[in-house]
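Each chain, written out:
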Amino acid sequence: MLDTSARLLRLLSLLQTRPDWSGPELAERLEVTTRTIRNDVERLRSLGYPVNATPGVAGGYRLGAGTALPPLLLDDDEAVAVAIGLRTAANGTVVGLEETSVRALAKLEQVLPSRLRHRVGALQAYMVPMPGSGPTVDAEVLTLIAGACRDYQRLRFDYRDHGGTASVRDVEPHRLVCSSRRWYLLAWDTVRQDWRIFRVDRMEPRTPTGPRFGPRDLPDDDVAGYVAQRVSSAGRWGYQATVTLHASAEAIAALGGRPPGRLEPVDEHTCLLHTAADSLHMLAVLIAMLDVDFTVTEPPELLCHLRTLAGRYGRAAPTGPGTAE
């Protein structure tokens, strides 16, 4: 039988794995009596863990939320995943999380066993963050918007659109989406009576939030795909392009990952890609990453840029006597 300290840790681990446990279930798992389980639950409460108990035949135990954050038990993979997430947040697009993430990562590494510390150390040594000049958002703004989405509270904010025009918007916020180093809010515009997508870095929320609203059916089950398609086709980027891909839409979707824009099937051998980016070079990169033959329909500037790239790549890989083809 486990000693008391080990049993408490095992009990805490079980309570964290699923919402509800009955006393007999926990007693069977730990090979003790239900009375011992009740005593152990009281010990966990004295250590700051809010374990809620429901009496009766259908009752049981549930680990709740308290006023302070008690220690958490993580298995090996969970600990590594948290470390990776903290490292990513420290180099992310949310202002105010960098220093906090570094502090939390330092605390986690201090208590990691040697085998996990080596895994996390290897990830830190060989993970190189992709440099980017995308806009950043304030962590408090994201938290405020996420809370309004969760609580179904209307949101009013000052907004600058792509052309710099300022306006005050009143919306029912539903989802936050991060795509291409930008944060977007999918919301129902109460004035325009339609779904709208807003760049969070262009928002200045007004507080307090507004009255509650009822849930709505989202415009698409795939919210991330819906936002990506709307953003790529709504002129929010500097350049837009339409490209004929010499592969079916099904074949492109089967490549894995999300296509960089909206696919429009043409026939069993071709489809159209409607995409957009901040620069012609980024457009060329996005299209080339699909690794299929393509024909550019528009814009003509993209054709000129592709010819420039073709010449550059041709000079970098000349053919002739003594060179491999």
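So, on to the overall build of the protein chain. In terms of helices and strands, the protein chain carries eleven helices and 13 strands. Within the protein chain, the fraction of its 325 residues that count as buried is 33%. Excluding contacts between residues fewer than 6 apart, the proportion of contacts in the protein chain whose partners are at least 24 apart in sequence is 56%. Counting every atom, the protein chain has about 19,600 Å² of accessible surface; 54% of that belongs to carbon and sulfur.

For His274, the position within the fold is in strand E12 (residues 271-277). Look at His274 and you get buried, because its relative accessible area is 16%. Of the polar contacts made by the side chain of His274, one reaches the side chain of Thr242; its length is 3.3 Å.

Turning next to unusual backbone geometry. Going from Thr207 to Pro208, the amide bond is cis rather than trans, its omega being 0°. Along the chain, Pro208 turns up in the loop between strand E9 (203-206) and helix H8 (223-233). Along the chain, Glu298 connects to Pro299 via a cis peptide bond; the corresponding omega equals 5°. The residue Pro299 is located in the loop between strand E13 (294-298) and helix H11 (300-316) in this model.

What the four strands build is an open sheet, ordered E11-E12-E10-E13; its pairing is antiparallel. The outermost strands of the open sheet, each flanked by one partner alone, are strand E11 (262-265) and E13. Averaged over all pairs of adjacent strands, the angle between their axes in this sheet comes to 25°, without regard to strand direction. Along the sheet, helix H10 (residues 280-288) contacts strand E10 (239-245), E12 and E13; its crossing angle with E12, the most-contacted strand, is approximately 140°.

So, on to the nonpolar core. The biggest cluster of nonpolar side chains holds 17 residues, and the ones touching the most others in it are Ile145, Leu155, Leu185, Val200 and Met203. Among the elements of the structure, helix H7 (139-151), strand E5 (155-160) and strand E7 (182-189) are those that each provide at least two residues to this core. Counting residues per element, this core draws most heavily on H7, at six residues. Residues Leu12, Val32, Val41 and Tyr61 belong to the second largest nonpolar core, which totals 16 residues.

Turning to the pairing of E12, a few remarks are in order. Within a regular beta strand, the side chains point alternately toward one face of the sheet and then the other, so they alternate between its two faces. Of all seven residues in E12, seven are buried; the element is thus mostly enclosed. Going residue by residue along E12, you find Cys271, Leu273, Thr275 and Ala277 tucked away on one face and Leu272, His274 and Ala276 tucked away on the opposite face as well. Two elements, E10 and E12, share seven bridges in a ladder whose sense is antiparallel. Counterpart to Leu245 in the pairing with E12 is Cys271. Note that E11 and E12 share four bridges and pair antiparallel. When the sheet's bridge partners are listed, Arg262 is paired in E12 with His274. Remark: five residues form the turn of the hairpin made by E11 and E12, two consecutive strands paired antiparallel.

This part is about a nonpolar patch on the surface. Taken together, the side chains of Met282, Val285 and Met289 make up a nonpolar region of the molecular surface, amounting to roughly 290 Å² of accessible area. Tracing the sequence through the fold places Met282 in helix H10. Classification of Met282 by relative accessible area gives partly exposed; the value is 40%.

Between its first and last C-alpha, helix H5 (residues 98-111) extends 21 Å over 14 residues, near the 20 Å set by a 1.5 Å rise per residue. Three or more residues of H5 are buried, namely Ser101, Leu105 and Leu108. Angularly, the buried residues of H5 cover 65° about the axis, an arc narrow enough to put them on a single face. Facing away from the buried side of H5 by over 90 degrees, the exposed positions are Glu99, Lys107, Gln110 and Val111.

Within the protein chain, residue pLDDT values average 83, and 86% of them lie at 70 or more. Across the protein chain, element-level confidence peaks in E5 with a mean pLDDT of 95 and bottoms out in strand E3 (residues 94-95) with 74.

Each value, and the rule that gives it
- Residues numbered from 1 in each chain as written.
- Predicted model: local features only at pLDDT ≥ 70, side-chain atom pairs only at ≥ 80, totals over all residues.
- Heavy atoms only, no water.
- Helix = DSSP H or I, 4+ residues; strand = E, 2+ residues; numbered from the N terminus.
- Buried < 20%, exposed > 50% of the residue type's maximum accessible area, 1.4 Å probe, protein only.
- Contact = heavy atoms within 4.5 Å.
- Areas by Shrake-Rupley, 256 points an atom, 1.4 Å probe, with all protein chains shown as cover.
- Polar contact = N/O pair within 3.5 Å; in protein donor to acceptor, adjacent residues only side chain to side chain.
- Pairing = 2+ DSSP bridges.
- Axes fitted to C-alpha atoms, helices over the stretch in contact; angles between N-to-C directions.
- Core = buried A, V, L, I, M, F, W, Y, C linked by side-chain atoms within 4.5 Å.
- Patch = residues over 30% accessible without salt bridge, like charges linked within 9 Å, V, L, I, M, F, W, Y side chains within 5 Å.
- Salt bridge = Lys/Arg side-chain N within 4 Å of Asp/Glu carboxyl O.
- Expected span 1.5 Å × (residues − 1).
- Arc of directions from axis to C-beta.
- pLDDT = per-residue confidence, 0-100.

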